[in-house]
Amino acid sequence: MIRPLYDWTLGLAGHRHALWALALVSFTESSFFPIPPDILMIPMILAAPHRAFLIAGVCLISSVLGGLAGYGIGYFFFEQIGQPILAALGKTEQITAFNQRFNDLGFWPVLIAGLTPFPYKVITIMSGWTALPLGTFIVTSIIARGLRFFIVAALLWRYGARIRDFIERRLGLMFTLFIVILLAGFYIVRVL
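Note that residues are indexed from 1 along each chain, following the sequence as it is written. Given that the model is predicted, a residue must reach a pLDDT of at least 70 before its local features are reported, and side-chain atom pairs must reach 80 or more before they are shown or counted; all residues, however, enter totals for whole chains, interfaces and linings. Water and hydrogen atoms were dropped before computing side-chain values, which therefore reflect all heavy atoms in the structure.

Some thoughts on the overall build of the protein
Inclusion rule: Each helix is a run of H or I in the DSSP string that is no shorter than four residues. Each strand is a run of E no shorter than two, and both are numbered from the N terminus. Contacts are assigned to residue pairs with any non-hydrogen atoms lying within 4.5 Å of each other. Only the protein chains shown count as cover for residues, and the accessible areas themselves come from Shrake-Rupley with a 1.4 Å probe.
Of the regular secondary structure elements, the protein holds nine helices and zero strands. Of the regular secondary structure in the protein, the N- to C-terminal order runs α-α-α-α-α-α-α-α-α. Residue pairs in contact within the protein that sit at least 24 positions apart in sequence constitute 77% of those at least 6 positions apart. Total accessible area on the protein stands at roughly 10,300 Å², and carbon and sulfur atoms take up 69% of it.

Here it is, written out as structure tokens:
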């Protein structure tokens with residue numbers, strides 16, 4: 001089921017309305033669509049490097065707006081919509097424990113999900129369900145998604161196709177390592 005969606009998404013990169021398609025994919029990925037917008041964003045930037053930062057900006061704005069939709073799903077419709085989406089992603093067992101710890105962590109879950117390969121839609125829905133302060137959610141989403149999309153855009157703008165394999169295969173790991181190092185640094189500062 002995922003492969004045809006992947007191929008369809010990739011096919012949109014060459015369409016004359018590719019920016020609108022990117023906005024749609026980025027918006028829906030933040031609340032329910034299983035394919036990340038990077039799949040569409042990367043070939044679009046490689047085809048038009050001079051538009052790299054415009055493409056990243058479209059991705060950022062639509063992703064944060066989609067994140068607000070996911071927040072709304074969690075806040076208003078968790079039982080009807082949010083819970084089945086999380087169940088489809090295999091996250092049903094963790095819901096109760098996650099809810100208890102989520103708001104104690106503040107912006108960290110949103111930041112981590114926005115930067116790493118962890119499904120951002122899970123965090124957007126959980127943010128609404130746990131009633132994470134909306135301001136915290138929006139600001140953290142802008143920071144996390146902005147870093148993710150603009151770093152990818154900058155790398156592609158600067159290095160072109162040579163960096164594509166690294167981005168597609170290893171950038172998520174690099175973001176994850178960055179978060180681990182950042183959290184370890186905060187922990188060490190707190191302990192000292």
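What to know about the packing of helix H2 (residues 18-29) against helix H3 (residues 38-47)
So the rule is basically this: Between N-to-C directions, angles cover 0 to 180 degrees, with each direction set by a line fitted to C-alpha atoms, over the stretch in contact for helices. The cut-offs work like this: below 35 degrees is roughly parallel, past 145 is roughly antiparallel, 65 to 115 is roughly perpendicular, and the gaps in between are oblique. Each crossing is labelled by how the near helix is turned from the far one, with a counterclockwise turn of less than a right angle marking it left-handed and a clockwise turn marking it right-handed. Under the grouping applied here, Gly and all other residues not named as nonpolar or charged are polar, the nonpolar ones being Ala, Val, Leu, Ile, Met, Phe, Trp, Tyr, Cys and Pro and the charged ones Asp, Glu, Lys and Arg.
Where H2 contacts H3, the axes come no closer than 9 Å and their chain directions differ by 155°. Viewed along their axes, H2 and H3 adopt a mutual orientation that is roughly antiparallel. Between H2 and H3 the crossing geometry is left-handed. Note on element contacts: H3 touches H2 through Leu 40, Met 41 and Met 44, opposite Ala 18, Leu 19, Ala 21, Leu 22 and Val 25. Its residues assigned to classes, the contact of H2 with H3 comprises eight nonpolar, no polar and no charged.

A look at unusual backbone geometry
Using the following cut-off: Only protein chains enter the accessibility calculation, which uses a 1.4 Å probe; a residue is then buried when its area is under 20% of its type maximum, exposed when over 50%, and partly exposed in between.
If you check the backbone angles, Ala 131 has positive phi at about 60° while not being a glycine. Mapped onto the elements of the fold, Ala 131 is located in the loop between helix H7 (120-129) and helix H8 (134-159). Classification of Ala 131 by relative accessible area gives partly exposed; the value is 42%.

Things to note about the confidence of the model for the protein
Formally: pLDDT is a per-residue confidence score from the predictor, ranging from 0 to 100.
Chain-level pLDDT for the protein is 80 on average; 76% of the residues reach the 70-or-more range. Taking the mean pLDDT of every element in the protein, the minimum, 64, falls on helix H1 (residues 2-11) and the maximum, 92, on H8.

Notes on H8
Just so we agree on the cut-off: An expected span of 1.5 Å times one less than the residue number is assigned to each helix.
Between the first and last C-alpha of H8 there are 37 Å, a value that for 26 residues agrees with the 38 Å anticipated at 1.5 Å per step. Of the positions making up H8, those classed as buried are Phe 137, Thr 140, Ser 141, Ala 144, Arg 145, Gly 146, Arg 148, Phe 149, Val 152, Ala 153 and Leu 156. In the stretch just after H8, Gly 160 is the one whose phi turns positive, near 65°.

A look at the side chain of Ser 63
By the secondary structure assignment, Ser 63 is in helix H4 (residues 52-88). Sequence-distant contacts of Ser 63, defined by excluding residues within four places in its chain, comprise Ser 26, Phe 27, Ser 30, Tyr 120, Arg 145 and Phe 149.

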